[in-house]
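# Chains, contacts and geometry: an overview
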Amino acid sequence: MCKSIIRKTPLLIVLLLSTLSTTHIHAEMNRVYHPYVEQGERELEYGFTLRDAGGENVLLNRAGFGYAWNDKLFTEVYLLTESITHDGEQIRGYEFEAKWQLTEQGEYWADWGLLFEAGTAKDINSHEFAVGLLWEKELANRWVATANAIAEYEYGSDIKDEFETALRAQFRYRYSAAIEPALEFYLDDQDWAAGPAVMGIIKLSGRKQLRWELGVLFGLDADTPENNLRGAIEFEF
């Protein structure tokens, strides 16, 4: 089954990109996901996006706890919050995420995974379900290319039911474990943005470590805020 999916994945990416719609996937740009799972891994995560929305600084936050059940399946539960000009943070939703590693690293010409997301809003009747295809390829001279092709369906009595798609991509240079500079792209109808990012791993005792990333994204069209700052930190244990 996995081999059949792998053979069909280039066609699936083309179909997803050809159906980029006129709606957004999430209010935040989120992140580029890698297709790997490490058995027994547990993590606490905090991520944010700071952006200018019509003259107001909007800070979008997500905090989660994740666990790898085996060497193929990783799940995480998130609490999503929003703070406008830092006036009173409020809970705005919840999200469940599952990542399935399809292939062993280096088994094929590229590494593959699937991402499943289900979310619900707190104050309105709005729900979403998303499926993402995760792809990563080792390039020459320490460069790594990563891409996520995502399809999502939103539904609820307070929103218009609709199907949406998005593409995220990253080109990363493995300078060292602690510092890896990158260039990122986020493409959907709300956000056409690109910019530099930097990330790394800080090793602690045993299998404990901190993963961090920080990126600045610039709008590529008139509908995307000019400047967007995103970041995340994960404590893995």
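Criteria and thresholds
- Residues numbered from 1 in each chain as written.
- Predicted model: local features only at pLDDT ≥ 70, side-chain atom pairs only at ≥ 80, totals over all residues.
- Heavy atoms only, no water.
- Salt bridge = Lys/Arg side-chain N within 4 Å of Asp/Glu carboxyl O.
- Helix = DSSP H or I, 4+ residues; strand = E, 2+ residues; numbered from the N terminus.
- Buried < 20%, exposed > 50% of the residue type's maximum accessible area, 1.4 Å probe, protein only.
- pLDDT = per-residue confidence, 0-100.
- Contact = heavy atoms within 4.5 Å.
- Pairing = 2+ DSSP bridges.

Here we come to the pattern of salt bridges. With the rule as written, the count across this model stands at 14 salt bridges. Among the ionic pairs, Glu-95 bridges to Arg-62, the shortest N-O distance being 3.6 Å. Pair noted here: Glu-95 is in strand β4 (residues 87-101) and Arg-62 is in strand β2 (residues 56-68), with a separation of 33 residues, a long-range link. Residue Arg-211 is joined to Glu-236 by a salt bridge in which the shortest nitrogen-to-oxygen separation is 2.7 Å. You can see Arg-211 sitting in strand β11 (residues 209-219) and its partner Glu-236 sitting in strand β12 (residues 227-236), a full 25 residues away along the chain. Overall, Arg-211 belongs to the partly exposed group, its relative accessible area being 33%.

Here we take up the confidence of the model for the chain. Taken as a whole, the chain shows an average pLDDT of 87; of its residues, 85% reach a score of 70 or greater. Below a pLDDT of 50 lies the segment residues 1-27, which in the model reaches 59 contacts outside its immediate sequence neighbourhood of four places, other chains included.

Take the pairing of strand β8 (residues 162-173) next. Bridge count between strand β7 (residues 143-155) and β8: 12 bridges; the pairing is antiparallel. In the strand pairing of β8, Thr-146 is matched with Gln-170. Hairpin connection between β7 and β8: a loop of 6 residues separates the two successive antiparallel strands, and Gly-156 in this loop has a positive phi of roughly 150°. Inspection of the sheet shows β8 paired to strand β9 (residues 180-187) by 6 bridges, in the antiparallel sense. Bridging from a neighbouring strand, Gln-170 pairs with Glu-184 of β9. The turn joining β8 and β9, which pair antiparallel and follow one another in sequence, is formed by 6 residues.

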